[in-house]
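Observations on the three-dimensional arrangement
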Protein chains: 4
Amino acid sequence: MALSVEKTSSGREYKVEMPGLMACRAEFGPSKPFAGARISGSLHMTIQTAVLIETLTALGAEVRWCSCNIFSTQDHAAAAIARDSAAVFAWKGETLEEYWWCTERCLDWGEGGGPDLIVDDGGDATLLIHEGVKAEEEYEKTGKVPDPESTDNAEFKIVLTIIRDGIKADPKKYRKMKDRLVGVSEETTTGVKRLYQMQETGTLLFPAINVNDSVTKSKFDNLYGCRHSLPDGLMRATDVMIAGKVAVVCGYGDVGKGCAAALKQAGARVIVTEIDPICALQALMEGLQVLTLEDVVSEADIFVTTTGNKDIIMVDHMRKMKNNAIVCNIGHFDNEIDMHGLETYPGVKRITIKPQTDRWVFPETKTGIIVLAEGRLMNLGCATGHPSFVMSCSFTNQVIAQLELWKEKSSGKYEKKVYVLPKHLDEKVAALHLGKLGAKLTKLTKSQADYISVPIEGPYKPAHYRY
Amino acid sequence: MALSVEKTSSGREYKVEMPGLMACRAEFGPSKPFAGARISGSLHMTIQTAVLIETLTALGAEVRWCSCNIFSTQDHAAAAIARDSAAVFAWKGETLEEYWWCTERCLDWGEGGGPDLIVDDGGDATLLIHEGVKAEEEYEKTGKVPDPESTDNAEFKIVLTIIRDGIKADPKKYRKMKDRLVGVSEETTTGVKRLYQMQETGTLLFPAINVNDSVTKSKFDNLYGCRHSLPDGLMRATDVMIAGKVAVVCGYGDVGKGCAAALKQAGARVIVTEIDPICALQALMEGLQVLTLEDVVSEADIFVTTTGNKDIIMVDHMRKMKNNAIVCNIGHFDNEIDMHGLETYPGVKRITIKPQTDRWVFPETKTGIIVLAEGRLMNLGCATGHPSFVMSCSFTNQVIAQLELWKEKSSGKYEKKVYVLPKHLDEKVAALHLGKLGAKLTKLTKSQADYISVPIEGPYKPAHYRY
Amino acid sequence: MALSVEKTSSGREYKVEMPGLMACRAEFGPSKPFAGARISGSLHMTIQTAVLIETLTALGAEVRWCSCNIFSTQDHAAAAIARDSAAVFAWKGETLEEYWWCTERCLDWGEGGGPDLIVDDGGDATLLIHEGVKAEEEYEKTGKVPDPESTDNAEFKIVLTIIRDGIKADPKKYRKMKDRLVGVSEETTTGVKRLYQMQETGTLLFPAINVNDSVTKSKFDNLYGCRHSLPDGLMRATDVMIAGKVAVVCGYGDVGKGCAAALKQAGARVIVTEIDPICALQALMEGLQVLTLEDVVSEADIFVTTTGNKDIIMVDHMRKMKNNAIVCNIGHFDNEIDMHGLETYPGVKRITIKPQTDRWVFPETKTGIIVLAEGRLMNLGCATGHPSFVMSCSFTNQVIAQLELWKEKSSGKYEKKVYVLPKHLDEKVAALHLGKLGAKLTKLTKSQADYISVPIEGPYKPAHYRY
Amino acid sequence: MALSVEKTSSGREYKVEMPGLMACRAEFGPSKPFAGARISGSLHMTIQTAVLIETLTALGAEVRWCSCNIFSTQDHAAAAIARDSAAVFAWKGETLEEYWWCTERCLDWGEGGGPDLIVDDGGDATLLIHEGVKAEEEYEKTGKVPDPESTDNAEFKIVLTIIRDGIKADPKKYRKMKDRLVGVSEETTTGVKRLYQMQETGTLLFPAINVNDSVTKSKFDNLYGCRHSLPDGLMRATDVMIAGKVAVVCGYGDVGKGCAAALKQAGARVIVTEIDPICALQALMEGLQVLTLEDVVSEADIFVTTTGNKDIIMVDHMRKMKNNAIVCNIGHFDNEIDMHGLETYPGVKRITIKPQTDRWVFPETKTGIIVLAEGRLMNLGCATGHPSFVMSCSFTNQVIAQLELWKEKSSGKYEKKVYVLPKHLDEKVAALHLGKLGAKLTKLTKSQADYISVPIEGPYKPAHYRY
């Protein structure tokens, strides 16, 4: 349980550190800019998300919510929201069938169709609509409904089943949703990648704001959030002493940078695997070794995947690991670690030490590895995710993006493309978080501002600036 | 729950990382050197302690155990030990009366009197016997039994009550214990300080080995243990983001050094308070600011006491803190934070957010502070204490000290004084932990060993070496 | 003196670590792609630059060179190049008049006019041509030559004088240069900013490649280079113990980040000043305090300017500093520290402790401050600049940019705009530096590459990725 | 050159940061406690030592000085002292013959014999007297003078030659010195080891105070001093980029800890070699790898010896190193690196890149290694040694030790044994350095002091405390 959430007569009194969201309520609450807007959210149903939801409702929105991960819901947070503020379809430990049922429920506003706006994390809500529309169009043309047996992917089978059943009930369901939708704001690298792919192939059905690439998201949530929550998850799940251990971090993007920094600072010797020579050179400059997984698989104690790619740690790697090696993933999807290969390995034995912490013993060697959160996001499965402060940065970006989409719903400003927030809004998100930490900014003089050709009030950097 | 403890036919199969204790069992188990020895232990009843207890029994001892802190017992560990290995008097959340009842039970072996050996942490078992003997002698001389009302100290009242009741039942009880006792090994700075005071005043009743000042204890458990378990406790209790915060560490001994390092590495700005100019200068050399508590009480976010002294953070300090400032203690005793002053502050309101995490709201300001573990050891109250690996170092020292006391029980080698373990045993403890971490030691040549005048096999350093 | 440079029959044998440049020679040397090209460079004439120059000549170019800073020339490097490879106009300790004379000489290739390509650092060579062209056009229109007295800026007075004298000798001199010029590659934030301003106002006279914003430049040279060379300069100039000191870093861009990291790691307590809330929040996340200069001017021991802006530390600040406070600049231009205000302060006394290290004593207080390199780049003035390895990254970008400009000289691919290098070339620069550090990259499988929609061989990241 | 030393009418005005020595002058200067005392010092003749010498003279002593290393003299410091304050026998780049001639001169006060007190660093002055006395006694008994040919050790040959020549001139010279001598204070691990060996064998001729093991020496000079001066020496000598490199630190005592910390913080990957399992475990807890030199000799870029032992890096190791690997020593004596083996390696070629930086090329492989300061203390040979602030701690211990010896010269308090300074003096040294860094100490209350059984004013720690 995070610090508690209490509802008082004057509104919910939060003990969570989310200064950006609190500032949004103060600034926008009175004018109810979301009046009339239906927002569906697919995002880890945690205590921080509860503050986001109540910020949206405080600004006038109606809200329905589901989680974007089967393990990440904090049930007390879901319950509080369900009681007071919004329709919630989420609980800790959903099956995949339940997960997609929740996503579908979250998007279904009854007779009137779907939401006006989507808050997405990983893109599953967006994907369901896109797949739904595609299937409906195929059905209209050919009379064929989607065939779940046409795919090997267990999860996609479920998606097709839901869509097939939907078509039977209402063959225009997803197209009606699409027609109503003003846009989506998406906050994860993985979801954003999907959006850009759809933009490139011309299949994106509505405008999207890429919140992930706000500096105050990608460089904060991904980096500082993981720097906090990776060791938190490791310690809660295993109580392992990190000092003295050899840790392998697969991927040295922002998430990998945060993980590697945390492990190094806790006294581990960190080895990085990378495909990108630039990121690899960055790792080297921090004193980290860059090798391939094969080089180190049998000598490391802790393995973390952060790549956003698939098939990173395969069962064949796991078989070669030391006894009680810890294997976990902090990337968005659960396909970085080959759980399917592990589960179907002949003779493998799974011993659940406690929820989200399993020891898998291989029959030949009798050695076992510890897998966290079944290969899903370990910081949400084994701990409480990122701390409120950093989520406040991310979610303030979400609120601002939703406001922007809603304000411009009829202006034609946003086409069926992917946009990032303008820099002055990104800087605003940061500024809202400085006071809490006691910082004092320096003010440019007019003459200094002219000299570097920026407005006194910002934005201060060109778009390509990397921070 | 830590990684689980399973009992198999071939002995308990531990998933905990305690290579030193495992090595002791391998080396000494077969010869049962503790055959005939009764060992009473007063030490946090955690999963790691379970491994210590079973190491002692594997070496032939009979064991009775209590915890040395009312919150630190892990109930599943206590239950496992009680079922399989030893008499246990400990549970999480004892009252003070229950705590001292447990301590007394742990020392009472029935008709035959007390234990042969004591494993102590903080010195409460040792204190009870010393106070008992003193009271019995007074009673024999003057007929006066201890008067609990003679002290203001709530806890000492309870001690006197127990002794008083003991004298009524058996006026020689504690003296019989003393007569049987071969010695105690003590592992905490606080307990060791008491022992040296008794040595100086000539009141120490039996030999004592100061395990705390083995390098592999004081420089490992205190330093690296706290570096791990302080942030662990903070995160589990509050989910606070440490990065960006101002943290005050009171005391810069080994415990303070570990805490300050952890907080700094997690991105906090750390301020140290110190009385000792040498430790203060060390803090400065690490880039930490050294100020008094008064200087920073109203601007810091996190306060940690590590001094081993009393009256460090008083209620008057707490009143001046920022809203939701976090206050906790990682020193042995609970008198570093003025809990009495806080509890009796007029109009103060306590809101339990979850067990071991309380928000105390002051009536004038309506601001509240978050106090962890009621001012007791926060790493044990809010997390699972130090990790197994570092406890393995400490406990291997305990086992070796107990072996030494028992082996020399009749030789007169140990007088009623405080001893530290010889350096070669300290080095042995370290050596037992290297393999697990993949280290390879360099060997001296004969000529090199002669050049620096040490044996090839060690010990390598003079007694005064500081590491 | 850096590790020596020896010329052997088979070419210059370098002891400097510049794997990227060596690889360029191996790859491109045989085909002499620069055959027929005249390259003028304005860039610190150090030993590393010598390797750059000889790489350009090895690829077939003719080269003329000047330094871009009056103090940064390493005379032995200049001498070696002058003897063996190129015309050099640079020495350590130029006057401003000499500096601009050198720049003009470097651009003047005799009868045939100017260079084909410019390698620029800070943009002074580019500026001279632009100002020259502007003046010539004005002269053609109005008969007016530039009036050095029209400006207060001492340096710009000199520029105008040179141009005025040039017009008298040849009123088409700079326009002929412009006509011949294929383009410039510029490597500093400051120079790039000027280029974008000219692009915006439509006054840019030829294509420019912004090498500064290659990741392998801005995130390496600026960050890791300064992390190395700031403490190097401080130690060589003053032998000050950094541990325990309070250091103020003005600006937390890449240069500031490198400086702050170095100072923190050396044991200083670091305070950052910033105008940009995003950078300020980044500083906080690293445990640094963010305040204004006014807040800390009288308590800090070391001040470093890194802003790229002007008027950062004024004489009024300096008067309030502690005795022997150290003040230095590592930003490109020397207008961050108010040297003019200091030099003209009534009664101020300058004591040169050694070259580039002056103590300035204020008459009222008799306290003095230590100013390094007269407010110019302290890492070049007081030490040897960035280490070769990091300069190899920067200069490999320069070589690749020059190759690209020259190859496309007639294709029309580059307009009078500012371009960055394509990402695959940026990645190539990184890749050329991995082998030296023993790194092994992971290879994507086809299926993984498809999953994240990148080619197996890269580029791996979208243009907006921030690293 | 360090910050300059100017002599004014009111005494020398130092720009060096040595608050402890300044405080000694303020406290003791007026009473001239050293009136009548002759002090001979054998200690690196640097600018900081100049401040030490002038502190001794300010307190009333007459002083003669030599350096304790052939490369460590800063000639301008020696010149200033020779001009103003004391007899100095030291210059940068002495031959070994010159070195021992200087040592002998420094001890020879003319007719009246030798010094009253010795300030020693490494123990060479002490050794010369002990060897001299031994030879004189042998000569008196047997008429035999020392035979330089009796030893293979080139340096000891010189010592014997000097003593032999001395005996011819005055066969009681060293015994007269011994008789006059009140005692020596010694500040290096190496010199202290010699003293304890003489104490054990009963051959120590006069009292000795072990200044090295003051906490404010061993934990400051050795640790923080080397953390500063190792990278300083590396950068000045080679300009190598430390980030990304593999560095091997031989030995993980205080010096090794400082070196490893500096290298790690600068971005190197650090590997430690150790003989002592406790130190090895400490290295592991900091995330460093512990291997043998043989394991890593061919993959590392930088090698540093810090052991205080001999024969650490042999020519056979050096032959296997990578091209341009850097090899250096920061331990007191020059026998850690096998310079003799290197110099006599058949066909080896030495190229002096600049003074104190040599490239040695092996004939078989044509690869070369860079050896700094000919294997002697690289921080003194290639840079300016430790910074003043940390030397102030060490030298304040020296002054206090000399005062103590002189005060007790007739009291019999000190026998022919080795002593450490009492803890309250150690704490005093620290306290004298806090103000400069802006620290504020906390004061114990009476009740707190009683609770932990220390005086309010200290000392605060037991003798065995390790800090």
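Residues numbered from 1 in each chain as written. Chains lettered and ligands numbered in written order. Predicted model: local features only at pLDDT ≥ 70, side-chain atom pairs only at ≥ 80, totals over all residues. Heavy atoms only, no water.

A word on the overall build of chain A
Looking only at helices and strands, chain A features 18 helices and 17 strands. In terms of overall dimensions, chain A is globule-like: its C-alpha atoms have a radius of gyration of 23 Å, near the 23 Å expected for 467 residues. Referenced to the eigenvectors of the C-alpha coordinate spread, the extents of chain A come out at roughly 70 × 65 × 45 Å. Classification of the 467 residues of chain A by burial places 67% in the buried group. Residue pairs in contact within chain A that sit at least 24 positions apart in sequence constitute 69% of those at least 6 positions apart. (Helix = DSSP H or I, 4+ residues; strand = E, 2+ residues; numbered from the N terminus. Rg over C-alpha atoms; globule rule 2.2 N^0.38 Å. Buried < 20%, exposed > 50% of the residue type's maximum accessible area, 1.4 Å probe, protein only. Contact = heavy atoms within 4.5 Å.)

As for the relation of the copies chain D and chain B
Both copies of the chain are tied together by a single rotation about an axis and a shift running along it. For the pair chain D and chain B, the superposition axis carries a translation of 0.0 Å, the fit reaches an RMSD of 0.1 Å, and the rotation angle comes to 180 degrees. Taken together, these values place the two copies in the relation of a two-fold axis. Among all C-alpha atoms of chain D, that of D:Arg466 lies closest to the rotation axis, at 2.2 Å. (Least-squares fit on C-alpha atoms with pLDDT ≥ 70 in both.)

Observations regarding the sheet that holds strand β17 (residues 418-420) of chain C
As a general point, the strands of a sheet are linked pairwise by backbone hydrogen bonds and lie either parallel or antiparallel. All names here are of chain C. Judged by pairing direction, the sheet is parallel, and its seven strands sit side by side in the order β5-β4-β3-β6-β7-β8-β17 without closing on themselves. Here the strands that pair on one side only, and so sit at the sheet edges, are β5 (87-89) and β17. Averaged over all pairs of adjacent strands, the angle between their axes in this sheet comes to 20 degrees, without regard to strand direction. Strand direction decides the pairing type here: strand β8 (residues 208-210) and β17, joined by three bridges, are parallel. If you follow Ala208 over to β17, its bridge partner there is Val418. (Pairing = 2+ DSSP bridges. Axes fitted to C-alpha atoms, helices over the stretch in contact; angles between N-to-C directions.)

Examining the sheet that holds strand β16 (residues 368-372) of chain C
Residue and element names in this part refer to chain C. A sheet is described by the order of its strands in space; here eight strands give the open sequence β11-β10-β9-β12-β13-β16-β15-β14, paired in mixed fashion. Looking at the sheet topology across the chains shown, the edges are occupied by β11 (289-290) and β14 (349-354). As judged from the two bridges shared by strand β10 (residues 269-273) and β11, these two strands associate in the parallel manner. Note that in β11 the partner of Val272 across the bridge is Val290. Against the sheet, helix α9 (residues 215-238) contacts β12 (302-305), β13 (325-329), β14, β15 (357-361) and β16, and its axis sits at roughly 125 degrees relative to β16.

A few points about the state of the cysteines
Enumeration over the complete set of coordinates arrives at zero disulfides over all chains. In this structure A:Cys24 is not part of a disulfide, and its nearest cysteine sulfur, from A:Cys393, lies 11 Å away. (Disulfide = S-S within 2.5 Å.)

Overview of the interface of chain D and chain C
Counting from both sides, the interface comprises 39 residues of chain D and, opposite them, 38 residues of chain C. Between chain D and chain C, roughly 3,300 Å² of surface is buried when both sides are summed, and carbon and sulfur atoms account for 56% of that area. At the junction of chain D with chain C, the criterion picks out four salt bridges. Here D:Lys245 ties to C:Glu17 by a salt bridge, and the two come within 3.1 Å at their closest N and O atoms. If you look at where chain D meets chain C, you find eight residue pairs in polar contact (both at pLDDT 80 or more). At the level of secondary structure, the elements contributing two or more residues to the side of chain D that touches chain C comprise α9 (215-238), β14 (349-354), β15 (357-361) and α16 (388-407) of chain D. Looking at the side of chain D that touches chain C, the element that brings in the most residues is α9(D), giving eight residues. Residues belonging to the side of chain D that touches chain C are distributed by class as follows: 17 nonpolar, ten polar and twelve charged. (Buried area = accessible area lost by both parts, 1.4 Å probe. Salt bridge = Lys/Arg side-chain N within 4 Å of Asp/Glu carboxyl O. Polar contact = N/O pair within 3.5 Å; in protein donor to acceptor, adjacent residues only side chain to side chain. Nonpolar A, V, L, I, M, F, W, Y, C, P; charged D, E, K, R; others polar.)

Some details on the relation of the copies chain D and chain C
With an RMSD of 0.1 Å, the operation that places chain D on chain C is a rotation of 180 degrees combined with a shift of 0.0 Å along the axis. Residue by residue, 97% of the interface of chain D is reproduced at the interface of chain C, so both copies engage with the same surface.

Quick look at the side chain of A:Arg175
All names here are of chain A. Inspection of the secondary structure assignment puts Arg175 in helix α7 (residues 173-180). For Arg175, a relative accessible area of 12% gives the class buried. Apart from the residues lying within four places of it in its own chain, the contact partners of Arg175 are Val133, Glu136, Glu137 and Glu140.

Overview of the pairing of strand β4 (residues 62-66) of chain C
Residue and element names in this part refer to chain C. A large share of β4 lies buried, amounting to four of its five residues. Relative to β4, strand β3 (residues 38-42) runs parallel, the two sharing five bridges. Each residue of the ladder has a partner; that of Gly41, found in β4, is Trp65. Of the crossover connections in this fold, the one passing from β3 over helix α2 (residues 47-58) to the parallel β4 is right-handed. Sheet topology note: the β4/β5 ladder contains three bridges and is parallel. Within the sheet, the bridge partner assigned to Arg64 lies in β5 and is Ala87. For the segment spanning β4, helix α3 (residues 75-84) and β5, crossover handedness is right-handed. (Right-handed = clockwise from strand over helix to strand, strands pointing away.)

Concerning the confidence of the model for chain A
All names here are of chain A. Put simply, chain A has an average pLDDT of 94, and 97% of its residues get 70 or more. Confidence over residues 1-14 falls short of pLDDT 50; this stretch has 43 contacts with residues more than four positions distant or in other chains. This prediction of the complex comes with two scores: 0.93 for pTM and 0.92 for ipTM. (pLDDT = per-residue confidence, 0-100.)

Some remarks on the interface of chain D and chain B
Accessible area lost when the parts come together is the quantity often used to give the size of an interface. Contacts between chain D and chain B engage 67 residues on the former and 67 residues on the latter. Around 6,200 Å² of area is buried between chain D and chain B when both sides are counted, 59% of it from carbon and sulfur atoms. Area buried by chain D at its contact with chain B is led by D:Ile275, D:Ile278 and D:Arg466, which between them contribute 13% of it. One can count six salt bridges joining chain D with chain B. Between B:Glu286 and D:Arg227 there is a salt bridge, with the nearest N and O atoms lying 3.3 Å from each other. For the pair chain D and chain B, the number of links is 30 residue pairs in polar contact (both at pLDDT 80 or more).

Comments concerning the pattern of salt bridges
All names here are of chain A. Within the structure shown, the criterion is met by 143 salt bridges over all chains. For Arg83, the salt bridge is made with Asp84, and the minimal N-O distance between the two is 2.9 Å. According to the relative accessible area criterion, Arg83 is exposed, its value standing at 58%. Among the charged side chains, a salt-bridge network with shared partners connects Glu104, Arg105, Asp108 and Lys173.

Digging into the pairing of strand β12 (residues 302-305) of chain B
All names here are of chain B. Residues of β12 alternate between two faces, with Ile302 and Val304 on one and Phe303 and Thr305 on the opposite face, all of them buried. For β12 and strand β13 (residues 325-329), the ladder comprises four bridges, and the chain directions are parallel. Looking at β13, one finds that Val304 is bridged to Cys328.

Some remarks on the side chain of D:Asp358
Residue and element names in this part refer to chain D. Within the secondary structure, Asp358 sits in strand β15. A polar atom in the side chain of Asp358 sits 2.7 Å from the side chain of Thr352. The contact partners of Asp358, leaving out residues within four places of it in the chain, are Arg350, Ile351, Thr352, Ile353, Ile369, Ile370, Val371 and Glu374.

Here we look at the packing of helix α11 (residues 277-285) of chain A against α9(C)
With their axes 11 Å apart at the nearest point, α11(A) and α9(C) run at an angle of 5 degrees to one another. Judged on the interaxial angle alone, α9(C) and α11(A) are roughly parallel. In this structure, α11(A) contributes A:Ile278, A:Leu281, A:Gln282 and A:Met285 to the contact, and α9(C) contributes C:Val215, C:Thr216, C:Phe220, C:Tyr224 and C:Arg227. Here the contact of α11(A) with α9(C) is composed, by residue class, of six nonpolar, two polar and one charged. (Parallel < 35°, antiparallel > 145°, perpendicular 65-115°, else oblique.)

With respect to unusual backbone geometry
Residues and elements named next belong to chain B. Cis geometry marks the peptide bond from Gly458 to Pro459, where omega comes out at 0 degrees. Checked against the element boundaries, Pro459 lands in the segment after α18 (446-451). The backbone phi angle of Lys32 is positive, close to 45 degrees, even though this residue is not glycine. Tracing the backbone through its elements, the reader meets Lys32 in the loop between α1 (19-28) and β3 (38-42). You can call Lys32 partly exposed: its relative accessible area is 41%. Even without being a glycine, Asp239 presents a positive backbone phi close to 55 degrees. By the element assignment, Asp239 lies in the loop between α9 (215-238) and β9 (246-250).

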